[in-house]
Amino acid sequence: MELSSKQSGKLPLVLALLALILLGSGSLYLTWQNLQKMQNTVFEHMLLSARSIASGLDIQLVNGMRRMQRKGMPPGDARDKFLPVARDLFREIVAEGDLVYIGLYGPDHKPVILAGQNKKAAKFDPPPPLFEQIDIFGESSTPVIIDGKAALLFGRFGQPLLLKLYNQRWHGRLPPPRRETYLLVGLNAEKHLAQFRQYRRAALIQTGYVFLAGLVLWLLAVAYFRRREQDKRLARLEKFQANLLDNMPDGLLIASPDNSILAANGSAHELLAHKVGDTLVGQNWDDLGLKARKDFRQGNVRWEHAKVADKNLEFQFFPYSEGPDEERTMILVRDRTDITELEDDLNEARRLASIGSLAAGVAHEIRNPLSSLRGFAQLFAEKLKDEKPFGDYASTMLEEADRLNRVVTDLLFLSRPRELHPEEVSLESLCESILTLTGFDLEHKGAKLRTDIEQDAVYADPDGIRQILLNLIMNSLDAVPEDSGIIVISSRAMENGVWVSVADNGPGMPENIKNHALEPFFTDKPKGTGLGLSIVNTLIRGHGGRVRISSGDGNGTIVELFFPLPGEQDN
């Protein structure tokens with residue numbers, strides 16, 4: 001069974017996804033920042049190295065020129081002898097591998113001394129904006145490609161003494177605005193870039209690892225939230241099923257192969273437990289004293305009926321397995337007491353309908369000649385009242401004719417019961433009226449009529465309930481002993497109606513008579529018609545109520561009548 005969930009399980013997943021996105025974005029941003037810083041650091045380190053090399057080279061060139069001047073050489077000879085030395089110095093420095101290019105340029109940007117790791121590198125032509133930047137800032141640097149190698153080209157002004165190495169006649173042309181030399185060095189950036197690439201690769205791998213770890217954590221979170229949501233749904237479903245099983249009207253039991261009861265719901269305890277507080281779990285099915293037996297071999301699954309106390313129950317057995325070695329039996333218990341009563345009522349209604357049809361025809365055929373016979377009996381009673389014993393015979397004929405007329409009237413009532421109009425009736429007032437009507441009979445029998453009214457108002461047809469109580473009181477008068485008979489009319493309120501009972505201290509009814517007491521024409525009295533309790537039963541059912549007789553030999557008889565509240569008659 002599927003149950004709807006008030007709280008959506010998507011919110012935790014969305015939050016986890018946002019956390020993953022934030023983690024990935026933050027990791028990428030931090031990695032990019034670190035790479036930028038590392039790149040700047042590498043560039044600054046190369047710039048520092050290039051600046052240091054250029055400064056050292058500048059100092060060496062100046063020191064060499066000064067040594068030449070100390071020897072007293074003329075400027076031209078000093079320049080001519082120092083240029084080869086400077087070229088060799090440049091070549092030695094380039095040969096070490098840290099530099100791929102060294103150049104000394106004059107004020108007109110013409111090369112004075114050039115050196116490279118090969119001829120192609122030596123012919124490298126610096127970009128003109130570099131000289132402009134040096135003119136403005138005193139030094140400048142820019143990344144370049146020299147002979148297919150990445151390099152950092154750094155330039156600065158040479159010291160004024162190096163201008164003597166520049167032998168240039170202007171020939172009447174204007175000299176450059178600044179008469180200084182330019183010292184350029186091309187630092188080999190391959191090693192530095194290789195280190196940066198390794199760092200970048202490591203940073204990217206680390207970032208990917210962090211992102212992958214975050215992704216794994218997100219997947220675990222997704223699995224956790226889904227599992228938790230499934231656990232919640234499973235818990236709700238289990239709770240729902242537990243409540244359903246505990247509150248379902250039918251009983252449910254689980255039995256092991258040895259007929260030991262392993263589980264039982266609340267309805268099973270109400271239907272099968274003999275005492276309040278008794279538990280069925282742990283008991284053996286065979287010890288419950290039920291005639292219903294497990295019989296489902298060869299697919300034979302059917303309802304078995306059994307009588308438990310005052311309940312009519314039916315059982316159905318289903319085999320099922322909880323595992324390869326765990327065979328179980330599921331037992332359904334259903335209370336058919338009300339259904340049995342309805343079936344009995346239906347059968348009785350059908351029987352009464354047949355009897356009613358027969359009684360209506362018989363009563364019609366009897367009433368007309370009975371009227372003539374009574375008329376003649378009354379005439380003879382008047383004529384022969386002074387003649388004995390003929391006057392007594394005529395009076396007896398008249399009394400029997402009247403009794404037969406009452407039987408015919410009862411038969412007609414059973415065949416065509418009148419329509420009832422229930423309304424609120426006061427039992428106290430009704431009992432006072434009945435006491436007045438039956439006062440002579442009670443006095444003649446030496447019996448007493450008592451009342452125990454807890455609920456005064458009863459919803460019933462006034463004439464119908466009067467006839468019911470009169471019939472029951474007259475039956476009790478026939479049963480109670482002489483001069484010590486007691487008849488008690490009592491009432492008590494229930495949730496959906498009122499119970500009214502008439503009890504006496506007579507000898508009671510044997511079980512075989514009580515089971516047929518409500519049937520028409522059934523009586524154990526010598527002069528009874530067997531219609532009094534049948535009429536009572538018919539009137540009670542017309543109210544939508546029911547009759548219950550409690551009796552035993554020597555314990556008196558209690559006839560209980562249930563009158564439902566308005567709106568409950570059809571329930």
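Within each chain, residues carry numbers counting from 1 in the order of the written sequence. Note on the predicted model: pLDDT of at least 70 is required for a residue's local features to be given, and 80 or more for side-chain atom pairs to be given and counted; whole-chain, interface and lining totals, by contrast, use all residues. Excluding hydrogens and water, the side-chain values take into account all heavy atoms of the structure.

Caption draft 1: A look at the overall build of the chain. Assigned secondary structure in the chain consists of 13 helices and 17 strands. Looking at the chain as a whole, 36% of its 571 residues are labelled buried. Whether two residues are in contact is decided by their heavy atoms, any of which lying within 4.5 Å being enough. Looking at the chain alone, contacts between residues at least 24 apart form 63% of all its contacts between residues at least 6 apart. All accessibility values rest on the Shrake-Rupley procedure with a 1.4 Å probe; residue burial counts only the protein chains present in the view. Split by element, the accessible area of the chain, about 34400 Å² in all, is 55% carbon and sulfur. Each helix is a run of H or I in the DSSP string that is no shorter than four residues. Each strand is a run of E no shorter than two, and both are numbered from the N terminus. Partly exposed residues are those whose accessible area sits between 20% and 50% of the maximum for their type, while under 20% is buried and over 50% is exposed, using a 1.4 Å probe and protein chains only.

Caption draft 2: A look at unusual backbone geometry. One non-glycine residue with positive phi stands out, namely His109, at about 65 degrees. In this structure, His109 sits in the loop between strand 1 (99-105) and strand 2 (111-116). A positive phi angle, close to 65 degrees, is found at Asp483, a residue other than glycine. Along the chain, Asp483 falls in the loop between helix 11 (462-479) and strand 14 (486-494). Residue Asp483 is classed as exposed on the basis of its relative accessible area of 64%.

Caption draft 3: Looking closely at the sheet that holds strand 1. Note: two strands are recorded as paired if DSSP finds a minimum of 2 bridges between them. Ordered in space as 2-1-5-4-3, the five strands form an open sheet in which the pairing is antiparallel. Edge positions in the open sheet fall to strand 2 and strand 3 (139-146), since each of these has one partner strand only. Averaged over all pairs of adjacent strands, the angle between their axes in this sheet comes to 15 degrees, without regard to strand direction. Sitting on the sheet, helix 4 (residues 128-137) is in contact with strand 1, strand 3, strand 4 (149-157) and strand 5 (182-188), with an inclination near 160 degrees to strand 3. Angles shown run from 0 to 180 degrees and are taken between the N-to-C directions of axes, each axis being a line fitted to C-alpha atoms and, for helices, limited to the stretch in contact.

Caption draft 4: Local environment of the pairing of strand 7 (residues 261-264). Sheet topology places strand 6 (residues 251-255) next to strand 7; three bridges connect them, and they run antiparallel. Looking at strand 7, one finds that Ile254 is bridged to Ala263. Once strand 6 ends, the chain turns through five residues before running back antiparallel as strand 7, passing Asn259 with a positive phi of about 70 degrees.

Caption draft 5: Quick look at helix 11. Taking 1.5 Å of rise per residue, the 18 residues of helix 11 would be expected to cover 26 Å, and the 26 Å separating its terminal C-alpha atoms lies within 8% of that figure. Taken together, the buried positions of helix 11 are occupied by Gly464, Ile465, Ile468, Leu469, Leu472, Ile473, Ser476 and Leu477. Between the first and last residue of a helix there are one fewer steps than residues, each counted as 1.5 Å, and that sum is the expected span.

Caption draft 6: Layout of helix 5 (residues 190-247). Under the 1.5 Å per step criterion, the end-to-end length of helix 5 is 83 Å for 58 residues, consistent within 8% with the ideal 86 Å. Turning to helix 5, its buried residues number three or more, namely His192, Phe196, Ala203, Thr207, Gly214, Val222, Glu229 and Leu237.

Caption draft 7: Structural view of the confidence of the model for the chain. Taken as a whole, the chain shows an average pLDDT of 79; of its residues, 80% reach a score of 70 or greater. Confidence scores labelled pLDDT are given residue by residue by the predictor and lie between 0 and 100. Below pLDDT 50 for its whole length, residues 169-175 participates in four contacts with residues either more than four positions away or in separate chains.

Caption draft 8: Inspection of the pairing of strand 10 (residues 326-335) at higher detail. With five bridges connecting them, strand 6 and strand 10 associate as antiparallel partners. Along strand 10, the bridge assignment pairs Leu252 with Leu332. Bridge analysis of strand 9 (residues 311-323) against strand 10 gives 10 bridges, and the strand direction is antiparallel. Its bridge partner lying in strand 10, Pro319 is registered against Thr329.

Caption draft 9: The arrangement of the sheet that holds strand 15 (residues 497-504) in detail. A sheet is described by the order of its strands in space; here five strands give the open sequence 12-14-15-17-16, paired in mixed fashion. The sheet is open, and its two edges are formed by strand 12 (448-453) and strand 16 (546-551), each paired on a single side. Within the sheet, the average angular offset between the axes of one strand and its neighbour, ignoring direction, is 15 degrees. Both strand 16 and strand 17 (residues 557-564) contribute to a ladder of six bridges, which runs antiparallel. Of the residues in strand 17, the one forming a bridge with Arg546 is Phe562. The sheet strands contacting helix 11 are strand 12, strand 14, strand 15 and strand 17, and the helix crosses strand 17 at an angle near 175 degrees.

Caption draft 10: Region of interest: the packing of helix 9 (residues 427-437) against helix 11. Contact geometry for helix 9 and helix 11: axes closest at 11 Å, N-to-C directions at 50 degrees. Put simply, helix 9 runs oblique to helix 11. Between helix 9 and helix 11 lies a crossing of right-handed hand. Along its contact with helix 9, which presents Leu427, Leu430, Ser433, Ile434 and Leu437, the element helix 11 presents Ile465, Arg466, Leu469, Leu470 and Ile473. When describing relative orientation, an angle under 35 degrees is termed roughly parallel and one over 145 degrees roughly antiparallel, while 65 to 115 degrees is termed roughly perpendicular and anything else oblique. By the definition used in this description, the sense in which the near helix is turned from the far one sets the handedness, with an anticlockwise turn below a right angle giving left-handed and a clockwise turn giving right-handed.

Caption draft 11: Structural context of the nonpolar core. To form a nonpolar core, buried Ala, Val, Leu, Ile, Met, Phe, Trp, Tyr and Cys residues must be joined to one another through side-chain atoms within 4.5 Å. Core analysis: the largest hydrophobic core is formed by 37 residues, its most contacted members being Ile465, Leu561 and Phe563. Within the second largest apolar cluster, 34 residues are counted, among which are Met65, Leu83, Leu99 and Ala189.

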